Amino acid sequence: MPPTKGPPDAARLDRIVAEARRAREEREKGYREQALRVLPWVCGRCARAFDRANVHLLTVHHKDHNHHHNPADGSNWELLCVYCHEDEHARELNAAGRDPGPPGGDGIEPATHRPFADLAALLKNRK
Ligand SMILES: [Zn+2]
Ligand SMILES: [Zn+2]
């Protein structure tokens with residue numbers, strides 16, 4: 001490591017990190033406000049409607065998952081409530097880590113993976 005001259009690098013790094021963070025926060029605030037301006041305050045999944053009192057529970061999801069892709073017409077944004085947003089991303093993780101199963105039998109399979117669903121069915125069948 002070369003000896004450092006002048007102000008310690010850590011301070012400089014801190015400043016760079018702080019600036020980057022501030023820029024990111026501003027950008028995020030920017031697209032959220034924009035999204036709330038151009039899109040109806042309704043969750044895209046559960047259709048729950050929001051108003052000024054609870055709009056903080058409404059989040060901006062990026063359809064292509066690229067947070068830097070923020071077209072002004074809102075075409076890459078989807079407003080989701082925090083619950084559906086979490087579910088949306090959890091689903092991706094599940095889908096990525098699992099093989100596609102056999103084609104569904106009855107077509108009423110729950111959308112989310114529930115490890116104990118089979119157990120519940122077994123218990124039900126035992127009666
Ligand atoms: Zn929702
Ligand atoms: Zn998202």
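Predicted, not measured: the structure shown is a model, and the values here were computed from it.

**Q** Got a minute to help me understand the side chain of E78 in this structure?
**A** On the secondary structure map, E78 appears in strand β2 (residues 77–81). If near-sequence neighbours (up to four positions away) are discounted, E78 is found in contact with G44, R45, T59, V60, H61 and K63.

**Q** Hey, could you run me through the coordination of the zinc ion (ligand 1) in this one?
**A** Perfect tetrahedral coordination of a metal by four donors corresponds to 109.5 degrees between them, and perfect octahedral coordination by six donors corresponds to 90 or 180 degrees. Around the zinc ion (ligand 1), the protein contributes the donor atoms C43 (SG), C46 (SG), C81 (SG) and C84 (SG), at 2.3 to 2.4 Å from the metal centre. What the four donor atoms of the zinc ion (ligand 1) show is an angle range of 101 to 116° at the metal, which sorts the shape as tetrahedral. Using a relative accessible area of 42% as the deciding quantity, one classes C46 as partly exposed.

**Q** Explain unusual backbone geometry here, please?
**A** Note: most residues except glycine have negative phi, and most peptide bonds are trans. The phi angle at A47 is positive, at roughly 65°, despite the residue not being glycine. With respect to the element layout, A47 can be found in the loop between α1 (9–38) and β1 (58–62). Located in the positive-phi region is H65, a residue other than glycine, with phi close to 65°. Tracing the sequence through the fold places H65 in the loop between β1 and β2.

**Q** Looking at this structure, how should I read α1?
**A** For α1, which comprises 30 residues, the first-to-last C-alpha distance of 43 Å matches the rise-based estimate of 44 Å (1.5 Å per residue) to within 8%. Turning to α1, its buried residues number three or more, namely Y31, A35 and L36. Contacts made by the buried residues of α1 are with β1 and β2.

**Q** Is there a simple way to think about the nonpolar core in this case?
**A** Generally speaking, nonpolar side chains in soluble globular proteins are found buried as a group. Of all hydrophobic cores here, the largest spans 13 residues; its most connected members are C43, L58, V60 and L79. Of all the secondary structure elements, the ones that give two or more residues to this core are α1, β1 and β2. For this core, the element with the highest residue contribution is β2, accounting for four residues. With residues near it in sequence (within four places) discarded, C43 still touches R48, F50, L58, L79, L80, C81 and C84.

What counts, and at which threshold
Residues numbered from 1 in each chain as written. Chains lettered and ligands numbered in written order. Predicted model: local features only at pLDDT ≥ 70, side-chain atom pairs only at ≥ 80, totals over all residues. Heavy atoms only, no water. Helix = DSSP H or I, 4+ residues; strand = E, 2+ residues; numbered from the N terminus. Contact = heavy atoms within 4.5 Å. Donors = N, O, S within 2.8 Å, 3.2 Å for Na, K, Ca; no water. Tetrahedral: all angles 85-135°; square planar, octahedral: opposite > 155°, others 65-115°. Buried < 20%, exposed > 50% of the residue type's maximum accessible area, 1.4 Å probe, protein only. Expected span 1.5 Å × (residues − 1). Core = buried A, V, L, I, M, F, W, Y, C linked by side-chain atoms within 4.5 Å.

All quantities given are derived from atomic positions and should not be read as evidence of function.
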